[in-house]
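The lines below spell out each chain.
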Amino acid sequence: MSKASPSALPLGLLQGVLDCSQNGVMVYQSLRNEQGEVYDFRLMALNKSAEKDLGIPSKELLGRRLTELFSNLPRDAVFDQYRQVVESGEAIRFEVTHLLPGRRRATWLDISAVKLEDGLVMSYNDITERKHAAQTLQEQADLFNLALNSSANGITLMQAIRDPDGRAVDLQTVLVNNRGVVLSGLTREELLGKSMLSIYRSEPSLSFCRRLLDVMNTGKPLHMEQYFQGENLWLSVLVTRYSDEGIALTYSDITHTKTVEIARQEQAALVNKVMDTVHSGILLCQAIRDEENEITDFQTILCNEESGRLTGFSRDELLTTAIRDLDPYGFLGQLYPEFREVVLSGQSLRKEYHMARKDVWIDCSISQFGDGVVVTCTDVSNLRHSQEELEHRNQELKSSNENLQQFAYVASHDLQEPLRKIQSFADILQNHYGQTLDERALDILSRMQQASGRMSGLIKDLLTYSRISTHREPLRRLSLNKLLDEVLNDLEMTVREKSAVIERPSLPEVNGDPTQLRQLFQNLLSNALKFQHGDTIPRIKIDCRAVTGKDIPEVAHSDLSRPFYEISISDNGIGFDAKHMDRIFQLFQRLHGRSQYSGTGIGLAICKKVMENHKGYIWAESSPGRGATFQVYLPSSQPAESVN
């Protein structure tokens, strides 16, 4: 051992001991000021390991001060530590980093110091490699934790808790990342080291725990979706056994995705429920294309129960088999060309198909939907059969009308001819032999003439009613002013005889049958002139105004907003009781005897039939002794507000 004061060393023994140590060893003497305070240390001895580490011969080191030798170290790094040893007498151990001569990186030293007289002996061990290894491990641990806690998924490691038989009966959390803590709804302290069954004590969490234990005991991995009702949370969980003593859980929050999925499922269920309540079959079919993008078939991807009934296949069969494979020669096979045409052209198609085997008629509407079609199929068999029945009835009615027209011709010719002869013979008897007949014979003759006259009028009115009911000419534009002039001209003699006063407005043009409308106005005006009190002068007022269907009594719902002309004919005649409203427009209905007022009881029935033929209405208002008002409602070709 090299020495600064040989007399202070015991026989060189210390040098030999120190040189045998693999650790560096140095002996320092305290340097004190006048107040006795330690202000530095002088190197008194060192071994060969220390000499080698410092890279300076010992003879150049001995006697130098501590602060000189290690000037690059902070004062508190070494000096303060050594002074504490000298002053307290207690040994100390600490670590310090120092860049030794000849080295590229700092060296970590593990230093131990003990007091020696008024100085100290320090030994040190180079722990640089151990320090770097520990630092590397710490960096790896930090990187692992960073990766673990940066994961968007929750990650948990759980260790088995076993019963005496070695079976896992519980699990405790040994590691959980930040995301796992958030998803659990607990704190890290509430999770780590805690028994799983002590945390989760109710269903469905207990069921979840049992499945985790199954993985621990069987080693079989598990992937599942778990709902936690209390937290309203859906998790996608992957569980694997990473060792005989533990399992690893990786889980992600799929609440939003699951909520959307459930909403879609509920919406799909609602759509299917609505579709199944529809009485039409509905199919959504997707085109199947080959490698050359040519359509080869169609696959049903959505259908309702009615479509299965109409096609004869179950919903599963329709959804799993292409239509040409499922029904190549049946109804679906017939639809394939139309499906293809609609997809290629983009034009919708509607067509009726007859399923001869079932005698079923199906009305199909086919429209393009993406690269496929949506099809609505309705069983119109009953409608088709009703149409056929209606056509048959119409043909029978046409034949009946033709027969009725033939009957009308026969009636007008064959019935009128005998009546004319009766009337002629009666006239001859009265004119040539009237003077020779007694009063009773003349009365009988007069009654015979009246009866034949009434019979002739009745036949004429019946023929008129028959023609109006069976023979309809196309409606044409006509002037009601002109038509009324003609009617009044025909009634001129009656008007003059009764000195009748008739007020009339300007009437519009309408679409109608001139013959039928003339008959209508003639019957109404004739009644107004006829049903009067004795010698009362008839006063008749004709009015016209534009209305809509809502102003008409007992109008059809479809005519509520339709424009009409209301033409009213009011008189000051005898009137009638309103309770007879339903009777007056029926055939052969008379409210007065023939002795009071002539007529056949057919005139107003003809008026009602005329209005039916013109899609109009007729109404009457009256009370006994206060006259009557008949309203005729003829359809107008322009809105009511534009008609004056």
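Before reading further, recall that the structure is shown in the block above.
S.K.: Looking at this model, I keep getting lost on the packing of aromatic side chains. Mind explaining?
M.R.: The geometry of an aromatic ring pair is captured by the separation of the ring centres together with the interplanar angle, meaning the angle of the planes. Taken as a whole, this structure holds 10 aromatic pairs when the rule is applied. Arranged with centres 5.5 Å apart and planes meeting at 80°, the rings of F208 and F228 form a pair that is edge-to-face. Of this pair, F208 sits in helix 10 (residues 205-218) while F228 sits in strand 8 (residues 222-228), placing them 20 residues apart in sequence. Overall, F228 belongs to the buried group, its relative accessible area being 10%. Plain terms: the ring middles of F298 and F339 are 5.5 Å apart, the flat faces sit at 85° to each other, and that makes the pair edge-to-face. Highlighted residues: F298 in strand 12 (residues 295-303) and F339 in helix 15 (residues 331-345), separated in sequence by 41 residues. Take F298 and F339: they sit in the same class, and that class is buried. An aromatic cluster is present here, built from Y28, F41, F79, Y82 and F94 joined pairwise through their rings. It is K131 that lies over the ring of W108; its NZ or CZ is 4.6 Å from the centre.

S.K.: Mind showing me how you'd approach the packing of helix 18 (residues 480-490) against helix 20 (residues 514-530) here?
M.R.: Between two packed helices, what matters for the description is the angle formed by their axes and the separation of those axes. Two numbers describe how helix 18 lies on helix 20: the axes approach to 10 Å, and their chain directions differ by 50°. Looking at the two axes, helix 18 sits oblique to helix 20. In this structure, helix 18 crosses over helix 20, and the sense of that crossing is right-handed. On helix 20, the residues that touch L480, L483, L484, E486, V487, L488 and D490 of helix 18 are P514, L517, R518, F521, Q522 and L525. Class assignment of the residues belonging to the contact of helix 18 with helix 20 gives a composition of 9 nonpolar, 1 polar and 3 charged.

S.K.: How do you make sense of helix 22 (residues 603-613) when you look at a structure like this?
M.R.: Residues separated by three or four positions in an α-helix point in the same direction, a consequence of the helix having 3.6 residues per turn. With respect to burial, helix 22 is a largely interior element, 8 of its 11 residues being buried. Listed as buried for helix 22 are L604, A605, I606, C607, K609, V610, M611 and N613.

S.K.: So what exactly am I meant to see when it comes to the nonpolar core here?
M.R.: Nonpolar side chains tend toward joint burial in soluble globular proteins. L480, L517, L520, F521, L524, L525 and L634 are the most contacted members of the largest nonpolar core, which totals 36 residues. Among the elements of the structure, helix 18, helix 20, strand 19 (539-548), strand 20 (563-570), helix 22, strand 21 (617-622) and strand 22 (628-635) are those that each provide at least two residues to this core. Sort the elements by how many residues they give to this core and helix 20 lands first, with 7 residues. Core analysis: the next-biggest nonpolar cluster, separate from the first, contains 29 residues, L43, L66, L73 and Y124 among them.

S.K.: Which parts of the structure should I look at to understand the sheet that holds strand 14 (residues 360-368)?
M.R.: Picture the strands of a sheet paired through backbone hydrogen bonds; they go either parallel or antiparallel. The 5 strands lie next to each other as 12-11-15-14-13, forming an open sheet whose pairing is antiparallel. The outermost strands of the open sheet, each flanked by one partner alone, are strand 12 and strand 13 (349-355). Going from strand to strand, the sheet's axes swing by 30° on average, the running direction of each strand aside. In this sheet, strand 15 (residues 372-379) lies alongside strand 11 (residues 281-289) in antiparallel orientation, the contact comprising 6 bridges. Residue pairing for strand 15: Q286 is matched across the bridge by G372.

S.K.: It is not clear to me how unusual backbone geometry should be interpreted in this structure. Could you clarify?
M.R.: Trans peptide bonds make up most of the peptide bonds, and negative phi angles are found at most residues other than glycine. Positive phi is not limited to glycine here, since N232 has a value of about 50°. By the secondary structure assignment, N232 is in the loop between strand 8 and strand 9 (233-243). Although it is not a glycine, N293 sits at a positive phi angle of roughly 65°. Along the chain, N293 falls in the loop between strand 11 and strand 12.

S.K.: Which parts of the structure should I look at to understand the pairing of strand 14?
M.R.: Walk down a regular strand and you will see the side chains alternate between the two sheet faces. Relative to strand 14, strand 13 is paired through 7 bridges, and the arrangement is antiparallel. Bridge assignment links Y353 to a residue of strand 14, and that residue is I362. In textbook terms, the turn of a hairpin is the stretch between consecutive antiparallel strands, and for strand 13 and strand 14 this stretch comprises 4 residues, one of which, D359, has a positive phi near 50°. Where strand 14 meets strand 15, 7 bridges bridge the pair, whose relative direction is antiparallel. Bridged to D363 within strand 15 is T378.

S.K.: How do you make sense of the sheet that holds strand 17 (residues 501-503) when you look at a structure like this?
M.R.: Pairing within the open sheet is mixed, and its 5 strands lie in the order 17-19-20-22-21. Two strands lie at the open edges of the sheet, namely strand 17 and strand 21, each paired on one side alone. Each adjacent strand pair in this sheet contributes to an overall mean axis angle of 15°, direction not counted. The sheet contact formed by strand 20 and strand 22 spans 7 bridges and is antiparallel. Note on strand 22: the bridge partner recorded for E566 is Y633.

S.K.: What am I meant to see in the side chain of E306 here?
M.R.: Within the secondary structure, E306 is located in helix 12 (residues 305-311). Within the structure, E306 has its side chain in polar contact with the side chain of R309 (distance 2.6 Å). Excluding residues within four positions of it along the chain, E306 makes contact with V278, H279, S280 and G281.

S.K.: Even after reading the chapter, I still don't get the packing of helix 20 against helix 22, so can you show me in this structure?
M.R.: Axis separation between helix 20 and helix 22 bottoms out at 9 Å; the angle between their running directions is 145°. Both helix 20 and helix 22 take part in a crossing whose hand is left-handed. For the pair formed by helix 20 and helix 22, the contact residues are Q516, L517, Q519, L520, N523, L524 and N527 on the first element and G603, L604, I606, C607, V610, M611 and N613 on the second. Its residues placed into classes, the contact of helix 20 with helix 22 shows 8 nonpolar, 6 polar and no charged.

S.K.: I'm lost on the layout of surface pockets in this one. Help?
M.R.: Any space left empty among the atoms is revealed by the rolling of a water-sized probe across them. For the second largest pocket, the calculated volume is near 530 Å³. Of all the secondary structure elements, the ones that give two or more residues to the lining of the second largest pocket are strand 6 (154-162), strand 7 (168-176), helix 7 (178-184), helix 9 (196-199), helix 10, strand 9 and strand 10 (246-253). The dominant element in the lining of the second largest pocket, judged by the number of residues it contributes, is helix 10, at 4 residues.

S.K.: So what exactly am I meant to see when it comes to empty space enclosed by the protein here?
M.R.: Enumeration over the complete set of coordinates arrives at 1 cavity of 30 Å³ or more. As a volume, the largest cavity reaches approximately 150 Å³. Taken together, 16 residues make up the lining of the largest cavity; nearest its centre are F70, Y82, L109, I111 and M122. Looking at the lining of the largest cavity, the elements that each hand over two or more residues are strand 1 (24-32), helix 2 (48-54), helix 5 (75-88), strand 3 (92-98), strand 4 (107-116) and strand 5 (119-126). A per-class count over the lining of the largest cavity returns 14 nonpolar, 1 polar and 1 charged.

How each quantity is defined
- Residues numbered from 1 in each chain as written.
- Predicted model: local features only at pLDDT ≥ 70, side-chain atom pairs only at ≥ 80, totals over all residues.
- Heavy atoms only, no water.
- Phe/Tyr/Trp six-rings, centres within 6.5 Å; stacked < 30°, edge-to-face > 60°.
- Helix = DSSP H or I, 4+ residues; strand = E, 2+ residues; numbered from the N terminus.
- Buried < 20%, exposed > 50% of the residue type's maximum accessible area, 1.4 Å probe, protein only.
- Lys NZ or Arg CZ within 6 Å of the ring centre and 35° of its normal.
- Axes fitted to C-alpha atoms, helices over the stretch in contact; angles between N-to-C directions.
- Parallel < 35°, antiparallel > 145°, perpendicular 65-115°, else oblique.
- Left-handed = near helix turned anticlockwise from the far one by under 90°.
- Contact = heavy atoms within 4.5 Å.
- Nonpolar A, V, L, I, M, F, W, Y, C, P; charged D, E, K, R; others polar.
- Core = buried A, V, L, I, M, F, W, Y, C linked by side-chain atoms within 4.5 Å.
- Pairing = 2+ DSSP bridges.
- Polar contact = N/O pair within 3.5 Å; in protein donor to acceptor, adjacent residues only side chain to side chain.
- 1 Å grid on protein atoms, 1.4 Å probe; cavity = no way out; pocket = protein on both sides within 12 Å on 5 of 7 lines; lining within 4 Å.
- Points joined across faces, edges and corners; volume = space filled by probe spheres on them.

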